[in-house]
Amino acid sequence: MTSIAGTPVHNRLPATRLGGATTVLSDEQIRDFVGHRLAGVDLDGRSVCILVPDGTRTCPLPLLLGAVHEALAGRASKMTTLIALGTHQPMTDAAIARHLGFVEGALEATYPGMTVLNHEWWLPETFADLGTIPAARLAELSGGRLSMDVRVLLNKAVVEHDIALVVGPVLPHEVVGISGGNKYFFPGVAGQEIIDVSHWIGALITSAEIIGTTAITPVRALINEGAARVPAEKLSFCVVGDAGSQDLHSISFGDTISAWADAAEVCAATHVHYLDDPVHRVISLVPEMYEDIWTGAKGFYKLEPAVADGGEVILYAPHITEISTSHPEINEIGYHCRDYFVKQWDRFKDIHWGTLAHSTHLRGAGTYDAETGEERLRVRVTLATRIPEEVCHAANLGYLDPDSVDLPAEIAAGSFVVPNAGEVLFRLR
């Protein structure tokens, strides 16, 4: 692990934007915007680390990365593309090639001079040490919810480059409010401790309250605090897509704070849908880009605020065969509401807090009586996947045979069926 000293770089570049909530941009417009914006940045002879999402986010990444590469070629001394996995499973070589738009084994032919890396979060040698956020400062940032020293570890590839350029979508998010910007550093390419702390703060607030918030939430404040320690110039292309497609409504460029804030306003107009009345039975059609429930749970997060008390959300995903490929501990603790953990903290405090947070996010609002051991949950969560029934029940989730689901009949019966679930947030008006 590398230890980094020195004064953090606090660059400030006001955002500029192409497009808006009602527009659809052409490929030529996007390439021209990227080229013109980077032409105005001091890139000559400097190294650039490009942070991009993994396969669980929708955006025309080959188009965006191609435009960035064209603008950097012949100017940047070094180009490294780093896939911000957080703690998701690593992408295979074949998946990376599809994701970034090149033929497997022929990266150089499409992106000459570029290196591509998975964020290897499971390896200690991946990280540089950016110091510690003191307990008193964390208490201030979290609104008094937590008070402890937090070690700030970040993928060393970021700190070994002069410029960190974030390229990716902005979407409603269950932990931070609206994703994007500095979130690509923390948790995107961060160490476990700050991931756990940030996610648990979000869980204490609850997903239903924080998701879709354009303001600086306590979690966003912590992320920005950590990013201020990154010794690189931090820039970002934040994009807002047309839900369910590769088209873009807008692209914002600036530093990682200004570009995010600009794009978040567009996202709130395009990716938050309001319903007049609560829905009682929801069938979330989980797309195949979510390979397990750990990621596919977004089909619940985005619906919970609009579901009636006692209602049900069915995650319909016949392609999913396991709850988590990278976090088997979730099978041990199962899915429970926040208070189930808070009121039994001595029992659960040594489990990764990010895992506890994920558990609460999928189980949603509820109460737990420590004296009786009774947990009451506001909404039922049912899996219509290839995960065996006994595994679902052991995890405190319902089971439905996916082959028994008749979508036309469900629609006729009044079920609320959501295609491409996971990126559009539904709230009550």
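Here the structure is shown first, and the text comes after it.
Okay, so let's go over this structure. (Residues numbered from 1 in each chain as written. Predicted model: local features only at pLDDT ≥ 70, side-chain atom pairs only at ≥ 80, totals over all residues. Heavy atoms only, no water.)

### Here we look at the pattern of salt bridges
Under the criterion given, the structure shown has 17 salt bridges. Among the ionic pairs, Arg75 bridges to Asp44, the shortest N-O distance being 2.9 Å. One end of the pair, Arg75, is in the loop between helix H2 (61–72) and strand E4 (78–84); the other, Asp44, is in the loop between helix H1 (27–39) and strand E3 (47–53), with 31 residues separating them in the sequence. Classification of Arg75 as partly exposed rests on a relative accessible area of 22%. The exposure class assigned to Asp44 is exposed, which follows from its relative accessible area of 53%. (Salt bridge = Lys/Arg side-chain N within 4 Å of Asp/Glu carboxyl O. Helix = DSSP H or I, 4+ residues; strand = E, 2+ residues; numbered from the N terminus. Buried < 20%, exposed > 50% of the residue type's maximum accessible area, 1.4 Å probe, protein only.)

### Focus: the packing of H1 against H2
Where H1 meets H2, the closest approach of the two axes is 9 Å, and the angle between their N-to-C directions is 35°. In this structure, H1 crosses over H2, and the sense of that crossing is right-handed. For the pair H1 and H2, contact is made by Asp27, Ile30, Arg31, Val34, Gly35 and Leu38 and by Leu63, Leu64, Ala67, Val68, Ala71 and Leu72, respectively. A class-by-class count of the residues in the contact of H1 with H2 yields 9 nonpolar, 1 polar and 2 charged. (Axes fitted to C-alpha atoms, helices over the stretch in contact; angles between N-to-C directions. Left-handed = near helix turned anticlockwise from the far one by under 90°. Contact = heavy atoms within 4.5 Å. Nonpolar A, V, L, I, M, F, W, Y, C, P; charged D, E, K, R; others polar.)

### Topic: the sheet that holds strand E19 (residues 398–399)
Hydrogen bonding along the main chain pairs the strands of a sheet, whether they run parallel or antiparallel. The parallel open sheet is built from 5 strands, whose spatial order is E19-E18-E15-E14-E20. A strand with exactly one partner marks an edge of an open sheet, and here the two such strands are E19 and strand E20 (416–418). In this structure, strand E14 (residues 279–285) lies alongside strand E15 (residues 307–317), joined through 6 bridges in parallel fashion. Note that in E15 the partner of Arg281 across the bridge is Glu312. (Pairing = 2+ DSSP bridges.)

### Observations concerning the nonpolar core
Membership of the largest hydrophobic core comes to 85 residues, with the highest contact counts inside it found for Leu51, Leu154, Val158, Phe185, Phe186, Trp200 and Leu362. The greatest single-element share of this core, amounting to 8 residues, is contributed by helix H7 (residues 192–205). Other than its neighbours up to four places away in sequence, Trp200 contacts Leu146, Phe341, Val342, Trp345, Trp353, Leu356, Ala357 and Thr360. If you look at the next biggest cluster of nonpolar residues, it comprises 44 residues, including Ala71, Ala97, Leu235 and Ile251. (Core = buried A, V, L, I, M, F, W, Y, C linked by side-chain atoms within 4.5 Å.)

### Side note on unusual backbone geometry
Following Phe186, the chain continues to Pro187 via a peptide bond in cis, the omega torsion being 15°. Among the secondary structure elements, Pro187 is positioned in the loop between strand E10 (177–178) and H7. Residues other than glycine seldom take positive phi values, yet Thr206 does so here, at roughly 95°. Residue placement: Thr206 occurs in the loop between H7 and helix H8 (207–210). The phi dihedral of Asn420 falls on the positive side, at around 50°, and the residue is not glycine.

### Overview of the environment of Ser415
By the secondary structure assignment, Ser415 is in the loop between helix H18 (407–412) and E20. Using a relative accessible area of 11% as the deciding quantity, one classes Ser415 as buried. The spatial distance from the C-alpha of Ser415 to the C-alpha of Val279 is 7.9 Å, given a sequence separation of 136 residues. Residues within four places of Ser415 in sequence aside, it is in contact with Arg281 and Glu410. A polar contact is formed between the side chain of Ser415 and the side chain of Glu410, at a distance of 2.6 Å. (Polar contact = N/O pair within 3.5 Å; in protein donor to acceptor, adjacent residues only side chain to side chain.)

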